[in-house]
Amino acid sequence: MRVLKALDLGLRFESALAGGAAYKAGGHPLPPATLDLARRADAILFGAVGDPDCDTLPRELRPEQAILGLRKALGLFANLRPAKAFPELVGESALKPEIAAGIDLMIVRELTGDVYFGDPRGRRTTEAGLREGFDMMRYDEAEVARIARLGFETARKRRKRLCSIDKANVLETSQLWRSVVIEVAADYPDVELSHMYVDNAAMQLVLRPQAFDTIVTGNLFGDILSDQASACVGSIGLLPSAALDADGKGLYEPIHGSAPDIAGQGKANPLAAILSAAMMLRYSLKQPEAAERIEAAVARALADGARTADLGGALSTREMADRVLANL
Ligand SMILES: NC(=O)C1=CN([C@@H]2O[C@H](COP(=O)(O)OP(=O)(O)OC[C@H]3O[C@@H](n4cnc5c(N)ncnc54)[C@H](O)[C@@H]3O)[C@@H](O)[C@H]2O)C=CC1
Ligand SMILES: CC(C)CC(=O)C(=O)O
Ligand SMILES: [Mg+2]
């Protein structure tokens, strides 16, 4: 918020509670007033949810329902998660520097379907009297086609290579996914399409991450692979995301959660949140120059040696933001 305000773009900000804070204040993680404000806003900048105090609540009251509910209610089906190596941070990657250098990939993750939203789901007792949990993994062809199109469109603006990641050797959902992606590919002859099973993709991400350009994948696989990609470029505290609807309205948030293990200590890296604000300016608010100013300020702060603990440094959250502000 401090970085956005410093740009002096005439933006008007309104805020609302979501997640554990909203539950504790009013008994629901996504209050109607919050959803209403989100609907009226031109764009949404989201702080992470998640609170260990709430982990034993019924699922519908857990903080995570705030973000899942916003994604579903607002039709935010397309999640863009870029992972790009900052040259000065290759030493912070979990990978050898020569493997981490030059990573520049975009994960296009489907965000409103898959096993996260499948119905039925629940608990039951098996005939043998055992407790059983079950979830439904599902996609229909329209859901796959629309995210596949966005994957191809995204690849077209990048290095024109799209890798669709699935588990089609085992899952019916993935077999449909792969068939539909191949059908959509007919409209994008200029984009090179490849397919990879998700287990191999997890391995290739650490062996040859530079080989990836654009990835299109489902909700669950994209969730997991994007955390992995963040470690490849240095830290989960670096990765922003955009969640877009069919008209380009969006919600912007770091890919990370509420980091309960370091919460309240002033240690969290704010760059993922700051870079999410830049994505918001670019995708929803049509202010590409302002987005570039933020991204350049982040790059300069990192080049100057600004580092929070996750990057091997000692700056606090606020001090890191100060360094970005100083470079705006
Ligand atoms: N979109 C959202 O709001 C998300 C919410 N969550 C929720 O967050 C809570 C914690 O989940 P975790 O699995 O621990 O994932 P997490 O992403 O919050 O944390 C994973 C690890 O990364 C570190 N980390 C995360 N963000 C960081 C940052 N900005 N700077 C430095 N280190 C950072 C944490 O300290 C932790 O060690 C859970 O309640 C989960 O459901 C998780 C992911 C996304
Ligand atoms: C809380 C989860 C549903 C979200 C998540 O892990 C993510 O979107 O990365
Ligand atoms: Mg996640």
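The name given to the protein chain in an unreviewed UniProt entry is 3-isopropylmalate dehydrogenase, with the source organism recorded as Sphingomonas changbaiensis NBRC 104936. According to its UniProt record, the protein chain has this under Subcellular location (unreviewed entry): "Cytoplasm".

**Student:** Lay out the UniProt feature "binding site: substrate" (unreviewed entry) in the protein chain in plain terms, naming residues and giving numbers.
**Tutor:** Cross-referencing UniProt, the feature "binding site: substrate" (unreviewed entry) maps to Arg 71, Arg 81, Arg 109 and Asp 199 in the present numbering. On the basis of their most widely separated C-alpha atoms, the annotated residues across 129 residues do not gather in one place, lying as much as 26.5 Å apart. Positionally, Arg 71 belongs in helix 4 (residues 64-73). The buried category is assigned to Arg 71, whose relative accessible area is 7%. Leave out the neighbours within four places in its chain, and Arg 71 touches Leu 76, Arg 81, Arg 109, Leu 111, Thr 112 and Glu 253. By the element assignment, Arg 81 lies in strand 2 (residues 78-84). Each residue touching Arg 81, except ones within four places of it in the same chain, is listed here: Arg 71, Leu 105, Met 106, Ile 107, Arg 109, Gly 222, Asp 223, Ser 226, Pro 240, Ser 241 and Ile 255.

**Student:** Account for the environment of Phe 86, with residues named and values stated.
**Tutor:** The residue Phe 86 is located in the loop between strand 2 and helix 5 (97-100) in this model. On the basis of relative accessibility, which here comes to 16%, the residue Phe 86 falls in the buried class. Here Phe 86 is in contact with Leu 238, Leu 275, Val 298, Ala 299 and Leu 302, once residues within four sequence places are set aside.

Rules used in this analysis
Along every chain, residues carry numbers that run from 1 in the direction the sequence is written. Here every chain gets a letter starting at A, and every ligand a number starting at 1, in the order they are written. Residue-level local features of this predicted model are given only where pLDDT is at least 70; pairs of side-chain atoms are given and counted only at 80 or more, and the full residue set underlies all totals for whole chains, interfaces and linings. Each side-chain value is worked out from all heavy atoms of the structure, with water and hydrogens disregarded. UniProt positions are given in the numbering used here, feature names are shortened, and annotations may be inferred rather than shown by experiment. Put simply, DSSP H or I for four residues or longer makes a helix, DSSP E for two residues or longer makes a strand, and each gets a number counted from the N terminus. With a 1.4 Å probe rolled over the protein chains alone, any residue whose accessible area is under 20% of its type maximum counts as buried; one over 50% counts as exposed, and the rest are partly exposed. By the convention used here, residues are in contact when the closest approach between their heavy atoms is within 4.5 Å.

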